[in-house]
Amino acid sequence: MPDSHAKDSVGVVTPKTLHFDEPITLACGQRLNAYDLVVETYGELNTDASNAILICHALSGHHHAAGYHSEEDRKPGWWDSCIGPGKPIDTNRFFVVSLNNLGGCNGSTGPSSINPETERPYGPDFPVVTVKDWVLSQAKLADRLGIQCWAAVVGGSLGGMQALQWGLSYPDRIRHAVIIASTPRLSAQNIAFNEVARKAITSDPDFHGGRYYDFNTIPRQGLMLARMVGHITYLSDASMGEKFGRELRDQAYNFGYDAEFQVESYLRYQGERFSETFDANTYLLMTKALDYFDPAYEFDNDLAKALKQATCEFLVLSFSTDWRFTPARSEELVNAMITARRKVSYAEIDAPWGHDAFLIPTPRYTDIFTAYLDRIAREVGA
Amino acid sequence: MRADLSIIEQWINPGSHVLDLGCGDGVLLDYLQREKQATGFGLEINPEHITTCMGRGVSVIEQNLDTQGLANFEDQSFDVVLMTQALQAVRRPDVVLDEMLRLGREGIVTFPNFAYWRLRWYLMRRGRMPESETLPYKWYNTPNIHLCTFKDFEALCYRKNFRIKNRTVVDGEHQDRWLSRLWPNMLGQIAIYRISRQEDEL
């Protein structure tokens, strides 16, 4: 039964595709002459356009953050718990913008889009985009929507990196950056996990060097494996134990190699479902964007020095059982902000769900979010 | 604002960069930001207090002095480091004081005086660990694990070669009374000290 009529739901929403034909130059040096961005918005932009909040999605996210796509739609947007009337990101007060990033596979221009020069899908010819490039394209989107300055840019994980980059790239166009379960750069271990995922995809015989569209196939096995290994890093040992333990699908051991433990069949199911809906080239691109993100790199590896560019206020949140981007990684960022004398607040929230905790409302998380966003609303007169 | 906080506030120069250890609900930092254009951070571990700080626009960092220390802060990076009513609750007050003066040019500390006459009388008459409005705990569940007297504190400052720049004594209502100024270690309930390293003056 859909909840699109629930009082705290934004209801049925329709994504819009915005076309941009002013070329942009990407970090890799390549130019993108024209591109589309798919966008959803919730709430109303006020007259002085001061109440806009940008939501940045994570690795496999997209523009559909809240509400439903039809009355029959059973599943709401990926952050529906947080966005809606009376929710922490209150659509009665804020104008919320959510997009599918460049390089994505949910309607924005990406590897599976048609390259106008060849009239075939870009595939591996689509340039590797970075967090900085996304922020650049989001700034073009803000121009289009008539938003000079975001009240806040909010994101979890890879989305948090975009919020941070906004603070650095456009200090006068952002008041608050909310960075959740994120990191100022990936560790060797993080990159290693990404490499396993990429290798799984590129070594699938159906990958065809990224031109699988031409062969009317997809690297299903590779993408499934990539998702399975990724998924493990999103959960915690405790939450997997709680959910599956050593539970078997049958009564006894079969002494074979099929999925016998519940956790095995869960991972296979998740991986299979993902491989049907997500584009492999986009997955490669997103993991590269993660790997390359390192705002300190251009500042002699001095993060505090990089942060001196920012003038916005920061809220940084981490989760106790997140081992993908541990609280220590958030603290590394916070400490650099303290050294750079930026305004920053930080809390480590106790939650058992590992990295995924940023998508799951818990009382303390919700309280902090509500209090901080309420303050922003008062500040901008929303 | 609490009377001890309005005394502290007078000792802080406009535009100071301030670190408040155990900043509570952020009332002092909020005031210093608005009225004295101060900048800085509060450290806190109580979740409700942290949320309140965030809601009122005080920069607050969740950090536990006992388990995490202050190593993430750079030497002499603050004008003033504050600690109100928390010294007696930390695991190593002496180390915290050293750290305060490593991070800041100046430290301001307030704590309850265990030599206050009512506490002395309580112990003498009943022979049991004193309880009062300012110390409303049993010996076994009190967070105040390092209670001291004014004399103890000053002896520590002397041993560490800290300079006591100012000292004020207030009563339980945080009022400055002439009697407690006369005989602070007996009649003062709460002490407010402003300290620095001796060499600052050389």
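Undergrad: Quick one: what's the story with the packing of helix H1 (residues 3-10) of chain B against helix H2 (residues 27-36) of chain B, residue by residue and with numbers?
TA: Residues and elements named next belong to chain B. At a closest axis distance of 11 Å, the pairing of H1 and H2 adopts a crossing angle of 40°. Here H1 lies oblique to H2, going by the angle between them. Crossing handedness for the pair H1 and H2: right-handed. On the side of H1, the interface is formed by Leu5, Ile8, Glu9 and Gln10, while H2 contributes Val27, Leu28, Tyr31, Leu32 and Lys36. Classifying every residue of the contact of H1 with H2 by side-chain character gives 6 nonpolar, 1 polar and 2 charged.

Undergrad: Quick rundown of the pairing of strand E8 (residues 95-99) of chain A? Include the residues and the values.
TA: Residues and elements named next belong to chain A. For E8, the tally of buried residues reaches 5 of 5 residues, placing the bulk of the element in the interior. What you see with E8 is no split at all: Phe95, Val97 and Leu99 on one side and Val96 and Ser98 on the other are buried throughout. For strand E5 (residues 52-56) and E8, the ladder comprises 4 bridges, and the chain directions are parallel. In the sheet register, leucine 54 faces E8, and the bridge partner there is valine 97.

Undergrad: If you had to explain the side chain of threonine 282 of chain A to someone new, which residues and values would you point to?
TA: Residue and element names in this part refer to chain A. By secondary structure assignment, the location of threonine 282 is in helix H7 (residues 280-292). Residue classification places threonine 282 among the buried residues on the basis of a relative accessible area of 0%. Among residues more than four places away in sequence, those in contact with threonine 282 are Gly103, Gly104, Cys105 and Pro111.

Undergrad: Report on helix H9 (residues 327-339) of chain A, specifying residues and quantitative values.
TA: Residues and elements named next belong to chain A. With 13 residues, H9 should cover 18 Å at 1.5 Å per step; its first-to-last C-alpha distance of 18 Å lies within 8% of that length. Among all positions of H9, only Pro327, Arg329, Ser330, Leu333, Val334, Ala336, Met337 and Ile338 are buried. Once H9 finishes, arginine 341 follows within two positions and takes phi at roughly 60°, a positive value.

Undergrad: Before we move on, could you go through the interface of chain A and chain B and cite the residues and values that matter?
TA: In this complex, chain A contributes 21 residues to the contact, which on the side of chain B involves 20 residues. Taken together, chain A and chain B are joined by 1 salt bridge. Here chain A is connected to chain B by 11 residue pairs in polar contact (both at pLDDT 80 or more). Taken together, the elements giving at least two residues each to the side of chain A that touches chain B come down to H9, strand E14 (344-349) and helix H10 (363-380) of chain A. Class assignment for the residues of the side of chain A that touches chain B results in 9 nonpolar, 3 polar and 9 charged.

Undergrad: Residues and numbers for the pairing of strand E1 (residues 17-21) of chain B, please.
TA: Residues and elements named next belong to chain B. Burial within E1 is extensive, with 5 of its 5 residues counted as buried. The alternating pattern of E1 places His17, Leu19 and Leu21 on one face and Val18 and Asp20 on the opposite face, and all of these are buried. Of the strand pairs in this sheet, E1 and strand E2 (residues 39-44) are connected by 5 bridges, and their pairing is parallel. Across the sheet, aspartate 20 pairs through a bridge with glycine 42, a residue of E2. Since E1 and E2 lie parallel, the crossover through H2 that links them has a hand, and here it is right-handed. Sheet topology note: the E1/strand E4 (residues 78-84) ladder contains 3 bridges and is parallel.

Criteria and cut-off values
Along every chain, residues carry numbers that run from 1 in the direction the sequence is written. Working convention: letters from A go to chains and numbers from 1 go to ligands, in the order in which they are written. Reporting of local features is limited, given that this is a predicted model, to residues whose pLDDT is at least 70; pairs of side-chain atoms are given and counted only at 80 or more, and all residues count toward the totals for whole chains, interfaces and linings. Water and hydrogen atoms were dropped before computing side-chain values, which therefore reflect all heavy atoms in the structure. In this analysis, axes come from line fits to C-alpha atoms, helices being fitted only over the stretch in contact, and the angle between any two N-to-C directions falls in the range 0 to 180 degrees. Per the convention used, a helix needs a DSSP run of H or I reaching at least four residues, while a strand needs a run of E reaching at least two, with both numbered from the N terminus. Roughly parallel here means an angle under 35 degrees, roughly antiparallel means over 145, roughly perpendicular means 65 to 115, and every remaining angle is called oblique. Crossing handedness is read from the near helix: turned anticlockwise from the far helix by less than a right angle, it gives a left-handed crossing, and turned clockwise, a right-handed one. Note on contacts: a residue pair is in contact if any heavy atoms of the two residues lie within 4.5 Å. Polar here means any residue other than Ala, Val, Leu, Ile, Met, Phe, Trp, Tyr, Cys and Pro, which are nonpolar, and Asp, Glu, Lys and Arg, which are charged; Gly is therefore polar. Relative accessible area decides the class of each residue, using a 1.4 Å probe on protein chains only: under 20% of the type maximum gives buried, over 50% gives exposed, and in between gives partly exposed. Strands are treated as partners if at least two bridges between them are detected by DSSP. Here the expected length of a helix is defined as 1.5 Å per residue gap, with one fewer gap than residues. Whenever Lys or Arg places a side-chain nitrogen within 4 Å of a carboxyl oxygen from Asp or Glu, that contact is recorded as a salt bridge. Under this definition, polar contacts are N or O atom pairs within 3.5 Å; protein pairs additionally need one hydrogen-donor-capable and one acceptor-capable atom, and for neighbouring residues in sequence, both atoms have to be side-chain atoms. Crossovers are described as right-handed under a simple rule: with the strands pointing away from the observer, the path leading from the first strand over the helix to the second runs clockwise.

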